Every structure is written in C-alpha cells, then in structure tokens.
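One letter stands for each residue in the lines below.
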Amino acid sequence: MSVFDLPMAHYQVVENQQGDLAIWPVSLVLPQGWQVRFSSDSTAALSQVPLKGASNDAGQMLSLRGQDAVASQDTRTTTHKACCMKFIAEQGSSNPAKDDAELNGSPEHISSANLPTNTEKTALSSLQPAAQGIATLFDHYDLVGLSEMHWHSDVIAAFIDLLRADELATVVDDIVVEFGNAAYQSVVDDYVAGAVVTDAELAQAWRNSLNFVVWQPTGYQQLFKTVRQLNQQRPKSQQLRIVLAEPAFDWTQIKQADDWRVRQAQRDQGYYQRIESEVLKKGRKGLLIFGGYHLTRQPVVRERTKQDAAVSNPQNPLQQTKASFDEATLGELLAEHQPGRSYMLWTTDITQFAAQHRLLDSLENTKESFPKWPQVITAQQGWLGAMPFAAISAGHQQQTVVSKGQPPQVKRMVDGVLFLSGLQREVKLPDSVLADKAWLKTMWQRTEQLPKGFRQRLQSLLPEAALTETLQDEAHSVSDKPLKKSK
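Below is a short write-up of the structure. All of these numbers come straight from a predicted model, not from anything done at the bench. (Residues numbered from 1 in each chain as written. Predicted model: local features only at pLDDT ≥ 70, side-chain atom pairs only at ≥ 80, totals over all residues. Heavy atoms only, no water.)

**Examining the pairing of strand S11 (residues 143–148)**
Inference 1: Buried residues dominate S11, accounting for 6 of its 6 residues.
Inference 2: Sheet topology note: the S11/strand S17 (residues 342–349) ladder contains 4 bridges and is parallel. Paired with Val144 across the strands is Tyr343, a residue of S17. (Buried < 20%, exposed > 50% of the residue type's maximum accessible area, 1.4 Å probe, protein only. Helix = DSSP H or I, 4+ residues; strand = E, 2+ residues; numbered from the N terminus. Pairing = 2+ DSSP bridges.)

**Describing empty space enclosed by the protein**
Inference 1: Taken as a whole and judged by the stated rule, the model has 3 cavities of 30 Å³ or more.
Inference 2: Of the pockets and cavities examined, the largest cavity occupies roughly 50 Å³.
Inference 3: What lines the largest cavity is Glu148, Trp151, His152, Ser153, Ile156, Pro217, Gly219 and Tyr220.
Inference 4: Sorting the residues of the lining of the largest cavity by element identifies helix H3 (153–164) and helix H7 (218–233) as the ones contributing at least two each.
Inference 5: The residue inventory of the lining of the largest cavity, partitioned by class, reads 4 nonpolar, 3 polar and 1 charged. (1 Å grid on protein atoms, 1.4 Å probe; cavity = no way out; pocket = protein on both sides within 12 Å on 5 of 7 lines; lining within 4 Å. Points joined across faces, edges and corners; volume = space filled by probe spheres on them. Nonpolar A, V, L, I, M, F, W, Y, C, P; charged D, E, K, R; others polar.)

**Things to note about helix H17 (residues 437–446)**
Inference 1: Within H17, burial applies to Trp439, Leu440, Met443, Trp444 and Arg446. Projection of H17 onto a plane perpendicular to its axis shows the buried side chains occupying an angular sector of 165°, all on one side. (Arc of directions from axis to C-beta.)

**Some details on the packing of H3 against H7**
Inference 1: Interhelical geometry of H3 versus H7 gives an angle of 5° and a closest axis separation of 10 Å. As the angle between them shows, H3 and H7 are arranged roughly parallel. Contact residues: H3 offers Ile156, Ile160, Leu163 and Arg164, while H7 offers Gly219, Tyr220, Gln222, Leu223, Thr226, Val227 and Leu230.
Inference 2: Within the contact of H3 with H7, the residues separate by chemical class into 7 nonpolar, 3 polar and 1 charged. (Axes fitted to C-alpha atoms, helices over the stretch in contact; angles between N-to-C directions. Parallel < 35°, antiparallel > 145°, perpendicular 65-115°, else oblique. Contact = heavy atoms within 4.5 Å.)

Okay, structure coming up:
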C-alpha cells in the first residue's frame, strides 16, 4: 500500500446533487493492475469501492474523469481541504482495516524507488533546463525545432526568453520562422541588422503570408523586435538572422480558393528548400519555430474536403474525401534528406501532461528541488517515448501512415519534449489590429478569394462593433461599383 497527495492545482472537488463527492479531473500514474481508493482529511475511512477510470493500453496510467470518479457518500463531509486529500494506491488489497491503519500512520509517498521495475528511469536521463538542453543539442545537430502553439502568447514569450539566454548566444546563427513570407526577407534582414524600418513595413512579412490571420497576436512582432535588440548588444559574430520560411509569393497571385490551396499544400516542401538553401548549405545553425505538426517525423490524419483532395490528387479527387494524410512534413523531409542533422522538440504544458507525476518521480534531479520550467527531455528512450503521442498533444488522437490505424508513439513522432507550465489559449485579435481599419478591410476582402472557413474564422474574431462596421463597408463597396453594361 502506498499513499500520496495530489497538488491542489491538478484536481477540484465537486459535490453533485446526490451529495456524492466527485474528483475531476485527475490523472494518476499507476503500475499495471493497481487501483485507487479515496479518503479526505476529515475521515480516515476509505471509499469501499475503488475509483474507476480509463487506463492506457499498457495499463500504466489511470485517468479519472467526471462521474467515473465518484466517492461514496460515506466519505463526504461539509468541508474538504483539497491539499489534504489522499488517493490510496493498492494492488489487490481487500482489507479496509489494514488500509485505515496505514492511512493514519506515516504515509509513504509513491516514488521511483517503490514502483515496479517496468517503470524504469528514463535514459538521458533527466530533465534539463531548456536553454542548457537546447545548447547541448546544437553540439550534435545543425537544426533544433521548437513546436509553436498558435494563440498561446505564453509559448512565444517562452521562446523569446530562450533567445535571450546566454547559453544560446554562441550556438545559434539563424531563427527560422513559419510566420513570414520570404518576399520580405530583405526587409527583415535590414530590420534585425538595425536599419531604419517602420513597424508597418516590417508587418508586411506576416500580414502578407498565407495564414495571415493566425499571426496577428503581438508576440510574433515582439520576437522580431527582440532579435533586433539582441543584435545591437552583441558582437557581429553572435548576431542573429531571422529566416522567413514561407516561399515568396504575391497576394495578387491569389485569384480563387484553389490558388491558395495549392500553395498551402506545398508549404512544407517550400520550408525545407528555404532551410536547405539559407541555413544548411551556408554551414549555419538554425533554431526552427513552426506549428507543431510541421515538425513531426510523420504526417497525421486530418479531415479534408473534396476540394482539398482535388488539389492534392487531381487524378482521383474522390479517393480521399473524408480522412486523408497530409503531405510530407518538414520534420519528415529533414529526416529523409538530411539524416542526423535535426532534432525536433514538441512543446506541451506540464500541468496538462497526464503522466507528469510518473515523469517527475522517474528523474533523479527532482528529489532535492522541483524543476523550473521550461525543461527539455529526450523522447527516444524509456517509457516517455513509448507513450501514445496523444499524451503530449492535448489528447488529440492521431493516426499516421506508419502506425496503420494505431495511435503513434511519442518517439515515432518527435525527438524530444519541451515542457512549459500553466499555458493559456486566448483566441482574439489585439486592440492594435482592431484599431487598424485599413488592415481589417484588407483581411476581409482577401477572404473572398479563400476557402469559406477563412471568412468564418475571421468573423468569429471580430467584436460585434467591428464586424458591423466591416459589413457596412463591404455593402457600400458593392453599391459603389459601376453596373456593367449589358451586351
């Protein structure tokens, strides 16, 4: 029998209408075949029925959700102190009296020392502070990828902090970013070198990219500003370049939705070519910042429309209409054409990582001090790499070509994990963007040539007043157009 406490941040207590006590959400890391029962600070009595939950294929992780985790009314009291609640992990125990005696004694916190041998320590072997770990990776690789989580300002802020770290100052030459049209590479080069470039001129780099709506949060602009500031403080040998990875194009070339779709389908190939020519062939080291699914070593299934399938497979557009595999990812292309030169880190939130207790208990360097985030760890060895990739990708169940219908493992998708903490997603346009009426009008007009979902997405981001004004402007523009003479 082992007893351990869960930090208050990782679950909450909810009393339902029947007076039962629900614990939700909770993720507990357990050896195979173990079960969990509940007790609180106000009573030593254990719940008579083990809590039920959904475990993964290996039986290593128990996730309790909602009504699957309900303690009996006998254990309910008027006031519960979350920090003192106990979850009792047991293996085949059926003696409540013995359980109560152990509960009232000195609890033994579950650790790597008393877990079965199948929870071996992860080789590499411990978490490393992110800047230190990434700097070490550059000793062996020319490219290190960081997966960026769109609409998470905390993530891009963490990347900016990494750029400031002394450990990376002497090892990184280029920052390669998804959020920039290479047609504006010379503008960005001038800007980060300290030349006079206005904010409006700089903004064209991401405003004129394929997925311009995604790049509106101010964190992306702040990354450019940070690199400019760092270059002014560093010797020339340590100055950074920002490489815009999106292949150059002009928005006047986008006449209809299929024009956009074709370029969208070719992005990863274009990213690879830009990285090959601008970084690898020049003998430089590059830190890559891309949406996570560009960096995976295998493409994942996504839902596609008939129009999307027609663009990617014009010979037989009906063959792939419901679920289809993306084109080769940047991570896959690099592994195939530049083997051994890149290392891809998947970014996730440690507070949302279902197996965080197992991770921390398996690492030797956490026994004296709790790690400070961000931290990096390899995914190639140990139980972390064997976990389903969904465990670190917000629970989304993916399939890949190689996995043949089975959820892929972490180690098959990425090389390592970057753990951040307490991330918040906020999908909204900044006030500075909403105040730029000309830019709002441009975005709205562009959506006429894009797939229907694009306008709906932009519409959902506009406050009611801004949407009303945009629709009125559109109506005036239509009414002001001269009528065509009939032949």
